[in-house]
Amino acid sequence: MHRIGTWLLAMGLLAVLVPAAAQSRLQRGKLQPMQDAYAAAIRWGDFETAWQLVDPAYQAEHPMTELEFERYQQVQISGYRDLTTGSGPDGTVERVIELRVINKHTMAERTMRYRERWRWDPEAKRWWLVVGLPDLWNGE
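Here the structure is a predicted model, which means the values were calculated and not measured. (Residues numbered from 1 in each chain as written. Predicted model: local features only at pLDDT ≥ 70, side-chain atom pairs only at ≥ 80, totals over all residues. Heavy atoms only, no water.)

1. Some remarks on the nonpolar core
What tends to happen in soluble globular proteins is that the nonpolar side chains get buried as a cluster.
Okay, step 1: Core analysis: the largest hydrophobic core is formed by 28 residues, its most contacted members being Tyr38, Ile42, Phe47, Leu99, Leu133 and Leu136.
Okay, step 2: Of all the secondary-structure elements, those providing two or more residues to this core are helix H1 (2-43), helix H2 (47-51), helix H4 (66-72), strand E1 (75-87), strand E2 (93-103), strand E3 (109-121) and strand E4 (126-129).
Okay, step 3: At six residues, the largest contribution of residues to this core is made by H1.
Okay, step 4: Not counting the four nearest positions on each side in its chain, Tyr38 is found in contact with Ala50, Leu53, Tyr80, Tyr114, Glu116, Trp118, Leu129, Gly132, Leu133 and Pro134. (Core = buried A, V, L, I, M, F, W, Y, C linked by side-chain atoms within 4.5 Å. Buried < 20%, exposed > 50% of the residue type's maximum accessible area, 1.4 Å probe, protein only. Helix = DSSP H or I, 4+ residues; strand = E, 2+ residues; numbered from the N terminus. Contact = heavy atoms within 4.5 Å.)

2. Some words on unusual backbone geometry
Okay, step 1: You will see that Met107, though not glycine, has its phi angle at about 60°, which is positive.
Okay, step 2: Following the sequence through the fold, Met107 ends up in the loop between E2 and E3.
Okay, step 3: Looking at Met107, the relative accessible area reads 59%, which means it is exposed.
Okay, step 4: Residue Lys125 is not a glycine yet carries a positive backbone phi of 55°.
Okay, step 5: Position of Lys125 among the secondary structure elements: in the loop between E3 and E4.

Next comes the structure, spelled out in structure tokens:
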């Protein structure tokens, strides 16, 4: 009888853990396309599209003005490389990105690092960038 109780407990734990693991895989499966879309928008200098991938709560607290978007037109991104990726303690995913930035007026190129942080939104069933667009003028 004791074995049956142990077996039932084990099966109950599996019933809880397997869907959680599947959910985690589903969430991770949705992260890469979001990161790829964001990286493509940044690489192509489409900062307004990149802004659409930023968490709406962050957007409300840090609204971008037309002048701020215009500032991004003064630079060109010549490189975007993922250096490291890791999980944060709060379920977020962090990536350190190396950006190569060209000032269009001086044609000088510099390299900088930018830290992305992504959070899963269970209601929207999608990932949001929670740190805003890269500060291409002050760096990390």
